[in-house]
2 protein chains.
Amino acid sequence: MEDLKAKYDEYKAMNLSLNMTRGKPCKEQLILSNTMLDCLNSKSDFLSAEGYDVRNYGCLDGIKECKKLLADMVDAQPENVFIFGNSSLNVMYDCIAKSVTHGVLNNKPWSKQGKIKWICPVPGYDRHFAILEHFGIEMINVPLKEDGPDMDLVEKLVKDKHVKGIWCVPVYSNPSGISYSDEVVRRLANLKPKAPDFRIYWDNAYVVHHLYDDKQIKVLNILDECRKANNPDLVYEFVSTSKVTFPGGGVAALVTSINNLDSIKGLVKYQTIGPDKLNQLRHVMFFKDINGLKEQMRKHAEILRPKFEYIEKRFSEELVGLAKWTNPLGGYFVTVEVPGRAKQVVEKAKELGLSLVEVGSAFPYHKDPNNSVIRLAPTCMDQKELELATEIFILSVKLCSK
Amino acid sequence: MEDLKAKYDEYKAMNLSLNMTRGKPCKEQLILSNTMLDCLNSKSDFLSAEGYDVRNYGCLDGIKECKKLLADMVDAQPENVFIFGNSSLNVMYDCIAKSVTHGVLNNKPWSKQGKIKWICPVPGYDRHFAILEHFGIEMINVPLKEDGPDMDLVEKLVKDKHVKGIWCVPVYSNPSGISYSDEVVRRLANLKPKAPDFRIYWDNAYVVHHLYDDKQIKVLNILDECRKANNPDLVYEFVSTSKVTFPGGGVAALVTSINNLDSIKGLVKYQTIGPDKLNQLRHVMFFKDINGLKEQMRKHAEILRPKFEYIEKRFSEELVGLAKWTNPLGGYFVTVEVPGRAKQVVEKAKELGLSLVEVGSAFPYHKDPNNSVIRLAPTCMDQKELELATEIFILSVKLCSK
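Residues numbered from 1 in each chain as written. Chains lettered and ligands numbered in written order. Predicted model: local features only at pLDDT ≥ 70, side-chain atom pairs only at ≥ 80, totals over all residues. Heavy atoms only, no water.

Undergrad: Which residues make up the overall build of chain A, and what are the values?
TA: Broken down by element type, chain A carries 14 helices and 13 strands. By the compact-globule yardstick of 21 Å for 402 residues, chain A fits well, its C-alpha radius of gyration being 22 Å. The dimensions of chain A, computed from C-alpha atoms along their principal axes, are 70 × 55 × 35 Å. Counting every position in chain A, which comprises 402 residues, the buried fraction comes to 62%. A fraction of 76% describes how many contacts in chain A between residues 6 or more apart in sequence connect residues 24 or more apart. Here chain A displays about 15,400 Å² of accessible surface, and carbon together with sulfur accounts for 49% of that area. Charged side chains in chain A number 54 positive and 52 negative. The centres of these two groups are separated by 5 Å. (Helix = DSSP H or I, 4+ residues; strand = E, 2+ residues; numbered from the N terminus. Rg over C-alpha atoms; globule rule 2.2 N^0.38 Å. Buried < 20%, exposed > 50% of the residue type's maximum accessible area, 1.4 Å probe, protein only. Contact = heavy atoms within 4.5 Å. Areas by Shrake-Rupley, 256 points an atom, 1.4 Å probe, with all protein chains shown as cover. Lys, Arg positive; Asp, Glu negative; His and termini not counted. Charge placed at Lys NZ, Arg CZ, Asp CG, Glu CD.)

In structure tokens:
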């Protein structure tokens, strides 16, 4: 006890300001892509493979070679890809906004279909839930298990015609780090929702974000599985280079069936003449192809691995019996469970100068039913800060475990 | 007669494919900004004036120095500016979409207010009208006169609480090239709309797009006039660098009151973590300040002036009595009026290999009541093509004037 108190005073006296709230790349990671900016320069010819001048208007859904690059990230075909701007969150938001105002494929707008509901595997990504709340869509919690959402529950819920979607982060899930099993993917692809305008929102944010070369999770290809299941239009897949190149200047894409794409093109054409094709070409020139991109991800992993490993090592040494935590093979987060004590732990860490994301963020309506889940975002700190933050977090858990 | 027929055959035999449909910059213009791409490179420090790393997440409404640059384009203050992505059309669309689903300031969403109507000065910009049609907003034509919209009519129409907006392209209007007089701007700023959520959509697309150094149109500052009129929240102003640097890779902004901005930030935060700040910094590094940008516009003018002057010269020589046309001091278009014969002229030009935008495009619902208005977009061709296209157009008018 005395020992903990002494440590508390010691950290308190350091007047720290450490931030573990958001999944941001650190400076070292950003530097990996600096030379991308040199690829496209005043000497370039600015022509896409199909002959578009990328500086000018036109080409609503992106240049072909960039479609190919992003398609390869998720093992899809370029013709299933629509390239947007720098934010996949924006693409997801727009898909939902357009479903509300104009409907999905040939169905009525959601705004004319009464109550709209959505399946939210928890814990999940706060910004996903925020979009739904913003549009007044009712969120239904479903447990996210070790291998994906509780499919018995999901299969039951989609029998309600008002249920129009489900959020999925299939690889290295935000925040728990789990990945979907083949069985879960197949059951999702084989869903028979009552609503013809139900869509799986497959946010493949971390598909190439492995921490280990020899322990890479590979989740079944959802577009393929949907096709096999005779459900070709069931899924919208989202992918981006935000955490591959620059969060502020990546490219994002929607990957889905030609049917869905044609319908979405018919809506997007009112919104824009086209996204930033210069940045698309810049990405292609930098990576050349998917192998270049994968090589880049290995460099990211080298920077991130020691951070995750330090947390795992120290938690194993200090927190057994006091908390449960994840040891992910990729992605951006470690999740800690401290049932009944999460708010207190976050409060304690804050006293010591470590900001953590608000408890409840991983749940719809910010309500963690068990006051249990804390999401740690270790990436944005340098190694020294990370180690300090880890010790403070451990101390905070211990202090709240008396 | 014989002479025209001979010319027709001559052009026909050339099997031309000329395109005057859209207001795209030509290649020479694009080259003016090529070196902008060298400004931001792997050696840059990537820090905004306020210390943001532009490569990373954050900074929802744009970096301060880019706000300053775009504010100076329209003589506004940086704190009234929200920087978005590469498309001002997208910003306008999003403003309307958000008004439909979430409402303007503290007012009810338009989707819950029954019929929504909009004032459309005609002739106008087809993509403006297309957005309204897409959202089922009823468009009311108002004549665009030499000095702006017919204000007697506008003042009458805003007494209807269902009327929620008006499109304005105040400087070198698309397509007619007219600019708004001080009196019109003041009457707009002093409107007393019945609807508290009525907004003037002030698309200042051509504010710096002068053709002449010594004949620059300067329209009154609408934000200032609205403030003076005690109507500070009445206007959304839109501006972009699409035709200053690259249509495919510019930056676009919304300029409006702090009240409106705060409300819009509260909506946009669900949609994105932030726009591409790298491109914002790139623009600032290239231009340094508004003087650099204005110098760039002089170079654009040097390229464009001969095109507009050729048209004016040849139309004056050939079309007096057969057509009316505009002789704009800036912007991207020449508008021709041939009452009762526009479709025939466009058809004839098409036979000769010259594509013109569909008649009706400058009107809501694609209906030109007098089959009269043809918009010519001379910028995207090189000078030789432009001269050929002009001759073909003149011939087409003559052939339809028998």
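Undergrad: Residue-level account of the relation of the copies chain A and chain B, with values.
TA: Rotating chain A by 180° and translating it 0.0 Å along the rotation axis places it on chain B, where the RMSD comes to 0.0 Å. The operation mapping one copy onto its partner corresponds to a two-fold rotation axis. (Least-squares fit on C-alpha atoms with pLDDT ≥ 70 in both.)

Undergrad: Would you mind going over the sheet that holds strand β10 (residues 324-325) of chain B in detail, with residue names and values included?
TA: Residue and element names in this part refer to chain B. Read from one edge to the other, the open sheet built from three strands follows the order β10-β11-β13, with strand pairing classed as antiparallel. The two strands at the open ends of the sheet, each matched to only one other strand, are β10 and β13 (373-376). As paired strands, β10 and strand β11 (residues 334-337) are joined by two bridges and run antiparallel to one another. Bridging from a neighbouring strand, Lys324 pairs with Glu337 of β11. (Pairing = 2+ DSSP bridges.)

Undergrad: If you had to explain the interface of chain A and chain B to someone new, which residues and values would you point to?
TA: How big an interface is tends to be stated in terms of accessible area lost as the parts join. Between chain A and chain B, the contact holds 54 residues from the first and 54 residues from the second. Of the roughly 4,400 Å² buried between chain A and chain B, counting both surfaces, carbon and sulfur atoms make up 55%. Its largest share of buried area at the contact with chain B, chain A owes to A:Arg55, A:Tyr57 and A:Tyr270, together 18% of the area lost on that side. Counting every contact that joins chain A to chain B gives 20 residue pairs in polar contact (both at pLDDT 80 or more). By residue number, the principal contributor to the side of chain A that touches chain B is helix α5 (residues 88-101) of chain A, which donates seven residues. Classifying every residue of the side of chain A that touches chain B by side-chain character gives 22 nonpolar, 19 polar and 13 charged. (Buried area = accessible area lost by both parts, 1.4 Å probe. Polar contact = N/O pair within 3.5 Å; in protein donor to acceptor, adjacent residues only side chain to side chain. Nonpolar A, V, L, I, M, F, W, Y, C, P; charged D, E, K, R; others polar.)

Undergrad: Can you tell me about helix α12 (residues 290-318) of chain A, naming the residues and giving the values?
TA: Residues and elements named next belong to chain A. Spanning 29 residues, α12 covers 41 Å between terminal C-alpha atoms, matching the ideal 42 Å at 1.5 Å per step. The largest bend along α12 reaches roughly 35° and is located at Leu304, with the proline Pro306 sitting one to four residues downstream. The N-cap of α12, judged by a side-chain oxygen 2.9 Å from the amide nitrogen of Asn291 a few residues on, is Asp289. (Expected span 1.5 Å × (residues − 1). Bend = angle between axes of the 7 residues up to and from the residue.)

Undergrad: So what about the pattern of salt bridges? Which residues, and what values?
TA: For the structure on display, the rule yields 46 salt bridges over all chains. Of the charged contacts, one joins B:Asp53 and B:Arg55 as a salt bridge, the two residues approaching to 2.7 Å between their closest N and O atoms. For the pair formed by B:Asp53 and B:Arg55, the shared burial category is buried. Each of A:Lys313, A:Arg314, A:Glu317, A:Glu318, A:Glu391 and A:Lys398 takes part in salt bridges that share partners, so that together they form one network. (Salt bridge = Lys/Arg side-chain N within 4 Å of Asp/Glu carboxyl O.)

Undergrad: So, the pairing of strand β3 (residues 117-122) of chain A: which residues are in play, and what are the values?
TA: The two faces of a sheet get side chains in turn, since along a regular strand they alternate between them. Residue and element names in this part refer to chain A. With six of its six residues buried, β3 lies for the most part within the structure. Burial of β3 is two-sided: the residues Lys117, Ile119 and Pro121 facing one way and the residues Trp118, Cys120 and Val122 facing the other way are all buried. Bridge count between β3 and strand β4 (residues 138-145): six bridges; the pairing is parallel. Paired with Ile119 across the bridge in β4 is Ile140. With respect to chirality, the unit in which β3 leads through helix α6 (residues 126-134) into the neighbouring parallel β4 is right-handed. Alignment of β3 against strand β6 (residues 163-168), held across three bridges, turns out to be parallel. Note on β6: the bridge partner recorded for Lys117 is Val163. (Right-handed = clockwise from strand over helix to strand, strands pointing away.)

Undergrad: Lay out the confidence of the model for chain A in plain terms, naming residues and giving numbers.
TA: On average, residues of chain A score 97 in pLDDT, and 100% of them are at 70 or above. Here the predicted complex scores 0.97 on pTM and 0.96 on ipTM. (pLDDT = per-residue confidence, 0-100.)

Undergrad: Explain the domain arrangement of chain A residue by residue, including any values.
TA: Residue and element names in this part refer to chain A. In terms of domain boundaries, chain A breaks down into domain 1 (2-23 + 293-399) and domain 2 (64-287). Using C-alpha coordinates to define each centre, domain 1 is positioned 28 Å away from domain 2. Residue-level contacts link 29 residues of domain 1 with 33 residues of domain 2. In total, about 2,800 Å² of surface goes out of reach between domain 1 and domain 2, with carbon and sulfur atoms giving 63% of it. By the criterion of area lost to domain 2, the three top residues of domain 1 are Leu293, Leu329 and Tyr365, representing 25% of everything that side buries. Applying the counting rule to domain 1 against domain 2 returns two salt bridges. Ionic pairing is found between Arg298 and Asp213, a salt bridge with its closest N-O pair at 3.9 Å. In this assembly, domain 1 and domain 2 are joined by eleven residue pairs in polar contact (both at pLDDT 80 or more). Listed by contribution, the elements that provide at least two residues to the side of domain 1 that touches domain 2 are α12, β11 (334-337) and β13 (373-376). Top element by residues in the side of domain 1 that touches domain 2 is α12. It accounts for ten residues. Here the residues of the side of domain 1 that touches domain 2 sort into 15 nonpolar, nine polar and five charged. (Domains from an automatic or database assignment.)

Undergrad: Hey, could you go over the layout of surface pockets for me, with residue numbers and the actual values?
TA: For the largest pocket, the calculated volume is near 850 Å³. Taken together, 43 residues make up the lining of the largest pocket; nearest its centre are A:Gly23, A:Lys24, A:Pro25, B:Asn56 and B:Tyr57. Classifying every residue of the lining of the largest pocket by side-chain character gives 17 nonpolar, 17 polar and nine charged. Roughly 690 Å³ of volume is contained in the second largest pocket. Of all elements in the fold, only α5 of chain A together with α5 (88-101) and α6 (126-134) of chain B reach the threshold of two or more residues within the lining of the second largest pocket. Here the residues of the lining of the second largest pocket are counted per class, giving twelve nonpolar, twelve polar and five charged. (1 Å grid on protein atoms, 1.4 Å probe; cavity = no way out; pocket = protein on both sides within 12 Å on 5 of 7 lines; lining within 4 Å. Points joined across faces, edges and corners; volume = space filled by probe spheres on them.)

Undergrad: Explain empty space enclosed by the protein residue by residue, including any values.
TA: Summed over all chains, the structure comprises twelve cavities of 30 Å³ or more. For the largest cavity, the calculated volume is near 600 Å³. In this structure, the largest cavity is lined by 36 residues; those nearest its centre are A:Gly85, A:Asn86, A:Asn90, B:Gly85 and B:Asn90. When residues of the lining of the largest cavity are traced back to their parent elements, those giving at least two are α5 of chain A together with α5 of chain B.

Undergrad: Explain the packing of aromatic side chains to me, and be specific about the residues and the numbers.
TA: Using the criterion set out here, one finds 30 aromatic pairs over all chains in the structure. Ring centres of A:Tyr93 and A:Phe135 lie 5.4 Å apart, and the angle between their planes is 55°; this geometry places the pair in the tilted category. One end of the pair, A:Tyr93, is in helix α5; the other, A:Phe135, is in the loop between α6 and β4, with 42 residues separating them in the sequence. Taken together, the ring pairs connect A:Trp110, A:Trp118, A:Trp167, A:Tyr201, A:Tyr236 and A:Phe238 into an aromatic cluster. For A:Lys215, the ring lying beneath its charged end belongs to A:Tyr212, and the centroid distance is 4.1 Å. Across the ring face of B:Tyr332, the terminal group of B:Lys243 is positioned such that the distance to the ring centre comes to 5.2 Å. (Phe/Tyr/Trp six-rings, centres within 6.5 Å; stacked < 30°, edge-to-face > 60°. Lys NZ or Arg CZ within 6 Å of the ring centre and 35° of its normal.)

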